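# Per-entry structural report
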Amino acid sequence: MQNLIKSDFSLATFFVLLWNSGFIGAEFGLPYAGTFTLLFWRYSLLTLILLIYLIYSRQLVLPEIKTITHVSIVGILAHGVWLSCALLALEENVPAGIVALVVALQPLATGAFSGLVVGEKTRLWQWLGLIVGFLGVAIAVGTRIRVDSDVSPIGYFIPFGSVIAITIASLLQRRRETSPQNHSSLSIGSNLFYQSSATTLALAIPAIMVEQLEIEWNVPFIATLSWLIIGVSLGAYALMWQLLSRFDATRVASLFYLGPPVTMVMAWIAFGDVPQIADIVGLFVVVAGVIIVQFL
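Anyway, here's the lowdown on the structure attached to this text. (Residues numbered from 1 in each chain as written. Predicted model: local features only at pLDDT ≥ 70, side-chain atom pairs only at ≥ 80, totals over all residues. Heavy atoms only, no water.)

### Focus on the overall build of the protein chain
Let me state the cut-off plainly: By definition, any uninterrupted DSSP run of H or I lasting at least four residues is a helix, any uninterrupted run of E lasting at least two residues is a strand, and each is numbered from the N terminus. Each accessible area is a Shrake-Rupley result for a 1.4 Å probe, and residues are judged covered by the shown protein chains and nothing else.
A count of helices and strands for the protein chain gives twelve helices and zero strands. Listed by position from the N terminus, the elements making up the protein chain come as α-α-α-α-α-α-α-α-α-α-α-α. Approximately 14,800 Å² of the protein chain is accessible, and the part contributed by carbon and sulfur atoms is 70%.

### Some words on a nonpolar patch on the surface
Stated formally: A patch is a set of surface residues, each over 30% in relative accessible area and not in a salt bridge, joined within 9 Å for like charges and within 5 Å for the nonpolar side chains Val, Leu, Ile, Met, Phe, Trp and Tyr. By definition here, a salt bridge exists when the distance from a side-chain nitrogen of Lys or Arg to a carboxyl oxygen of Asp or Glu is within 4 Å. Buried, partly exposed and exposed residues are distinguished by accessible area as a fraction of the type maximum, computed with a 1.4 Å probe on protein chains only: under 20%, between the cut-offs, and over 50%, respectively.
There is a patch of nonpolar side chains on the surface, built from Ile73, Ile164, Ile168 and Leu172 and spanning about 330 Å² of accessible area. For the nonpolar patch, the leading source of residues is helix α7 (residues 159-178), giving three residues. Looking at where Ile164 falls in the secondary structure, it is placed in helix α7. Judged by relative accessible area, which is 53%, Ile164 ranks as exposed.

### As for the packing of aromatic side chains
What counts, and what does not: Here is the rule: rings of Phe, Tyr and Trp (six-membered ring for Trp) pair when centre to centre is within 6.5 Å. Planes less than 30 degrees apart are stacked, more than 60 are edge-to-face, and the remainder are tilted.
Following the criterion strictly, the structure yields nine aromatic pairs and no others. Between the aromatic rings of Phe23 and Trp82, the centroid separation amounts to 6.4 Å while the plane-to-plane angle is 55 degrees, which identifies the pairing as tilted. Here Phe23 is found in helix α1 (residues 2-29), whereas its partner Trp82 is found in helix α3 (residues 65-91), with 59 residues between them in sequence. Given a relative accessible area of 9%, Phe23 falls into the buried group. Taking the centre distance of 5.5 Å and the plane angle of 80 degrees together, the rings of Trp41 and Trp217 count as edge-to-face. Of this pair, Trp41 sits in helix α2 (residues 35-56) while Trp217 sits in the loop between α8 (188-209) and α9 (219-246), and the two are 176 residues apart along the sequence. Residue Trp41 is classed as partly exposed on the basis of its relative accessible area of 27%. Looking at Trp217, the relative accessible area reads 46%, which means it is partly exposed. Each member of the aromatic cluster is reached from another via a ring pair, and the members are Tyr32, Phe40, Trp41, Trp217 and Phe221.

### Some thoughts on the side chain of Arg42
The test is simple: Residues counted as positive are Lys and Arg, residues counted as negative are Asp and Glu, and His and the chain ends are not counted. Pairing of N or O atoms within 3.5 Å defines a polar contact, subject to two protein rules: one partner must be a possible hydrogen donor and the other a possible acceptor, and residues neighboring in sequence count only if both atoms are side-chain atoms. Between two residues, a contact is recorded if the distance between any of their heavy atoms is within 4.5 Å.
Secondary-structure assignment places Arg42 in helix α2. Notably, Arg42 is buried but unbridged: the nearest opposite-charge side chain belongs to Glu27, and the N-O separation is 13 Å. Among the polar contacts made by the side chain of Arg42, one reaches the side chain of Ser233 at a distance of 3.0 Å. Residues contacting Arg42, with those up to four places away along its chain left out, are Leu83, Leu225, Leu228, Ile229, Val232 and Ser233.

### So, empty space enclosed by the protein
Let me state the cut-off plainly: Only protein atoms enter the 1 Å grid used here, on which a cavity is any set of points holding a 1.4 Å probe that cannot leave and a pocket is any open set flanked by protein within 12 Å on both sides along at least five of seven lines; residues with an atom within 4 Å of a point are listed as lining. Grid points are joined across faces, edges and corners, and a volume is the space filled by probe spheres set on the points. Residue type decides the class: Asp, Glu, Lys and Arg count as charged, Ala, Val, Leu, Ile, Met, Phe, Trp, Tyr, Cys and Pro as nonpolar, and the leftover types, Gly among them, as polar.
Taken as a whole, this structure holds one cavity of 30 Å³ or more when the rule is applied. Size it by volume and the largest cavity reaches roughly 50 Å³. Together, Pro95, Gly97, Ile98, Arg144, Met264, Ala267, Asp273, Val274, Pro275 and Asp279 line the largest cavity. For the lining of the largest cavity, the secondary-structure elements that each account for two or more residues are α4 (96-103) and α11 (259-271). When its residues are assigned to classes, the lining of the largest cavity shows six nonpolar, one polar and three charged.

### Points about the nonpolar core
As a reminder of what qualifies: To qualify as a nonpolar core, a set must consist of buried Ala, Val, Leu, Ile, Met, Phe, Trp, Tyr and Cys residues joined through side-chain atoms within 4.5 Å.
Formed by 75 residues in total, the largest nonpolar core has its most connected members in Phe15, Leu38, Val94, Val99 and Val137. The dominant element in this core, judged by the number of residues it contributes, is α3, at eleven residues. With near-sequence residues (within four places) excluded, Val99 lies in contact with Phe23, Ala86, Ala89, Leu90, Val94 and Pro159.

### Remarks on α8
Put simply, the test is: Every helix has an expected span of 1.5 Å times one less than the residues it contains. The bend at a residue is defined as the angle formed between two axes, one fitted to the seven residues ending at that residue and one fitted to the seven starting there.
An ideal rise of 1.5 Å per residue puts 32 Å on 22 residues; α8 measures up with 32 Å between its terminal C-alpha atoms. Of all the bends found along α8, the most pronounced is centred on Leu203 and spans about 30 degrees, while Pro206, a proline, follows it within four residues. The element α8 is extensively covered by neighbouring structure, given that 16 of its 22 residues are classed as buried.

Don't take any of this as a statement about function, it's just geometry.
Written as structure tokens, this is what we have:
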């Protein structure tokens, strides 16, 4: 029993570290490529890896158009738009910890709006928790806007695009899963393959038209890109599904709220970005919102 507890704790720890290292990895890669170009290559190579795996394991299937359309829309929102907004904020010199703090609102927003979209009962406490969570982000972001003169105020609002995109994607996915007309399902690998393929095609447009695929190929960039693909896109994703096989979705979702403090510490170590008092206060307020949603 004790070994099982240690195993579960190790899985959760590695998942949190791998998942949130994506913010730091992206910041390392941005000096050598623009946001859309970095993401285009990340998802192009990820798609190729998944295609080889599916062919080798004989799991490659061609679902009906309706399923592909749904998976593609969810993928573009949950991967393309979500990450693009996060990386664009980093390009505007918004601290990685602040980006992670804003993005951490996503589970709260999904839980609160699921009642309106999916028909699941939304409790008053969920709305209260969402409001408290937004207040925590406002404390951290509001102070940063006044203090940091080298960051455009608009930059601090870009991560909210990530929250909106992944919330819509989550609600679309949940609505499909709860629909009685949904009789089709894909394996984890196939689902990620079609999401990644659609994301690659969507990112190709701004990567070519806006950034002309300009990139500085060197060892640091290749190492960063490899980590984002293998460590984050594949490693963290695999750990998440292992955790979901052992725990309920709510407990796994709560791990995402560890993102802001973990990312702040990583950014401190990697870039010397020391958290401000308002960051810590805002973080505690967000945690209060999480507690309200999860336990009341």
